Every structure is written in structure tokens, then in C-alpha cells.
Amino acid sequence: MLMVISPAKTLDFDTLPTTSEHTTPDFLDDSAELIEQLREMSPQDVSALMKISDKLGNLNFDRFLSWDKK
């Protein structure tokens, strides 16, 4: 079974983390492949695919463009 955990709607990037420990995502290569395909879509296509508003579609489109595997 696969489970997708959605992050908070607003993230605090100003506060420093309290730990330096982290894990490596299990599906990083799969994510890179998916993002590569999503980058070819328009913001309107992203909205339609995800069945979300145009505002959220644009936000996700911008996230896809700035996503980095590192």
C-alpha cells in the first residue's frame, strides 16, 4: 500500500530545524520521473488533472518547476 502524506498548507522556512537528522525518501527516483512529466503540462492541465482550483494548480505548477531531487 502506498500512502501520500500532505504537508501543511503553510510552512515555516524561517525557524531553524531542531535536529540535523533526516531520512531519504524511498521513492525519490519515481518522484523525479513524475515531476519530469508534470513539468511538460500547463498550469490549467495540472488543475484539471488534480481536480483543484486554478490558484492551487498554478501553485503546484510553480512547485514542479522549482523541484530539485537533491
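One structure accompanies this document, and this report is about it. None of these values were measured; they are calculated from a predicted model. The residue numbering used here restarts from 1 in each chain and proceeds along that chain's sequence as written. Local features are withheld for residues below a pLDDT of 70 in this predicted model, meaning they are given only at 70 or higher, and side-chain atom pairs are given and counted only at 80 or more; totals for whole chains, interfaces and linings count all residues. The basis for every side-chain value is the complete set of heavy atoms in the structure, and neither hydrogens nor water enter the calculation.

Structural notes on the pattern of salt bridges
Quick reminder of the rule: By convention in these notes, a salt bridge is any Lys or Arg side-chain nitrogen within 4 Å of a carboxyl oxygen on Asp or Glu. Secondary structure elements follow DSSP: runs of H or I no shorter than four residues count as helices, runs of E no shorter than two count as strands, and numbering proceeds from the N terminus.
Evaluation of the coordinates by the stated rule reveals one salt bridge. The residue Asp29 makes a salt bridge to Lys69 at a minimum N-O spacing of 2.4 Å. One end of the pair, Asp29, is in helix 1 (residues 28–38); the other, Lys69, is in the segment after helix 3 (54–66), and 40 residues separate them in sequence.

Structural notes on the environment of Ser6
Threshold: Between buried and exposed lies partly exposed: a residue is buried under 20% and exposed over 50% of the maximum accessible area for its type, with that area taken using a 1.4 Å probe on protein chains only.
One can find Ser6 in the segment before helix 1. Ser6 sits in the exposed class, given a relative accessible area of 62%. In this structure, the C-alpha to C-alpha distance between Ser6 and Thr18, residues twelve residues apart in sequence, is 21 Å.

So, the packing of helix 2 (residues 43–50) against helix 3
Helix-helix packing is characterised by the crossing angle of the two axes and by the distance between the axes. Convention followed: Between N-to-C directions, angles cover 0 to 180 degrees, with each direction set by a line fitted to C-alpha atoms, over the stretch in contact for helices. Angles below 35 degrees are treated as roughly parallel, those above 145 as roughly antiparallel, those between 65 and 115 as roughly perpendicular, and all remaining angles as oblique. Crossing chirality is assigned from the near helix's rotation relative to the far helix, an anticlockwise turn below a right angle marking it left-handed and a clockwise turn marking it right-handed. When checking whether two residues touch, look at their non-hydrogen atoms; a contact exists if any pair is within 4.5 Å. We call Asp, Glu, Lys and Arg charged. Ala, Val, Leu, Ile, Met, Phe, Trp, Tyr, Cys and Pro are nonpolar, and the rest, Gly among them, are polar.
Remark: helix 2 packs on helix 3, axes separated minimally by 8 Å, with the N-to-C direction vectors making an angle of 110 degrees. As far as their axial angle goes, helix 3 and helix 2 are roughly perpendicular. Note that helix 2 runs across helix 3; the crossing there is right-handed. Seen from helix 2, the contacting residues are Pro43, Val46, Ser47 and Met50; seen from helix 3, they are Asp54, Gly57, Asn58, Asn60, Phe61 and Phe64. Class assignment of the residues belonging to the contact of helix 2 with helix 3 gives a composition of five nonpolar, four polar and one charged.

A few points about the nonpolar core
Among soluble globular proteins, nonpolar side chains are generally buried collectively. Our working rule: Residue types Ala, Val, Leu, Ile, Met, Phe, Trp, Tyr and Cys, when buried and joined through side-chain atoms within 4.5 Å, form a set referred to as a nonpolar core.
Of all hydrophobic cores here, the largest spans five residues; its members are Ile35, Leu38, Val46, Phe61 and Phe64. Within the residue set of this core, elements represented by two or more residues are helix 1 and helix 3.

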